[in-house]
Amino acid sequence: CRIPQDYVSLGKQLEFFYGAFCIFFGPESIGATKMNELLLCYGRHSQDFKEMIAADSTFPAQFLYAVDTRVQKWLRACKKAKSRDLVEDSYLEFADLIRSVELKSF
């Protein structure tokens, strides 16, 4: 897997995350739903993302790392929980990441 270096390749990596959630958990799962929301926000804020990438070539990798870290924490929470209602789904809330890109404070 190559490290994303531009807007398109970062978007493709996010689409892969979404696809993996759909395959492993189903398209209606919380993970797939939250990744789809992230993809929609990625598209809506394309100019902000492009500006961040232009300013810092490592930004796509940093952003993907932040997303992956949250996904991994959520997966660990799923593994440890005795029942689904005990899983902390807030790990999959990405609004603050999007906001930090929008405000150029990522």
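In the block above lies the structure referred to throughout.
Right, let's walk through the structure included here. (Residues numbered from 1 in each chain as written. Predicted model: local features only at pLDDT ≥ 70, side-chain atom pairs only at ≥ 80, totals over all residues. Heavy atoms only, no water.)

Structural notes on the overall build of the protein
For the record, the criterion: For the purposes of this entry, the term helix denotes a DSSP run of H or I that reaches at least four residues, the term strand denotes a run of E that reaches at least two, and both are numbered from the N terminus. Each radius of gyration reported is based on C-alpha atoms, and the globular scaling rule is 2.2 Å times the count of residues to the power 0.38. Per-residue accessibility, obtained with a 1.4 Å probe over protein chains only, is compared with the maximum for each type, and a residue is labelled buried under 20%, exposed over 50%, and partly exposed between these values.
Secondary structure assignment for the protein yields 5 helices and 0 strands. The linear arrangement of helices and strands in the protein, starting from the amino end, is α-α-α-α-α. Relative to a compact globule of 106 residues, whose C-alpha radius of gyration would be 13 Å, the protein shows 14 Å and is just as compact. Considering only C-alpha atoms, the protein reaches an extent of 45 × 25 × 20 Å along its principal axes. Buried positions account for 38% of the 106 residues belonging to the protein.

Considering the packing of helix α3 (residues 46-55) against helix α4 (residues 59-80)
Just so we agree on the cut-off: An axis is simply a line fitted to the C-alpha atoms; with a helix, the fit covers only the stretch in contact. Between two such axes, the angle follows the N-to-C directions and lies from 0 to 180 degrees. Roughly parallel means an angle under 35 degrees; roughly antiparallel means over 145; roughly perpendicular covers 65 to 115; every other angle is labelled oblique. Contact between two residues is taken to exist if any of their heavy atoms lie within 4.5 Å; hydrogens are not considered. Ten residue types, Ala, Val, Leu, Ile, Met, Phe, Trp, Tyr, Cys and Pro, are classed as nonpolar, four, Asp, Glu, Lys and Arg, as charged, and the remainder, Gly among them, as polar.
The interhelical angle for the contact between α3 and α4, taken along N-to-C directions, is 120°, at an axis separation of 8 Å. In terms of orientation, α3 lies oblique with respect to α4. Taken together, the residues of α4 that come into contact with α3 (itself represented by Phe-49, Met-52 and Ile-53) are Phe-59, Pro-60 and Phe-63. Its residues placed into classes, the contact of α3 with α4 shows 6 nonpolar, no polar and no charged.

Brief notes about the pattern of salt bridges
To be explicit about the condition: A pairing counts as a salt bridge when a side-chain nitrogen of Lys or Arg comes within 4 Å of a carboxyl oxygen of Asp or Glu.
Counted according to the given criterion, the structure contains 8 salt bridges. Across the salt bridge formed by Glu-93 and Lys-34, the nearest N and O atoms sit 2.9 Å from each other. In this pair, Glu-93 sits in the loop between α4 and α5 (95-102) while Lys-34 sits in helix α2 (residues 30-44), placing the two residues 59 residues apart along the sequence. Classification of Glu-93 by relative accessible area gives partly exposed; the value is 35%.

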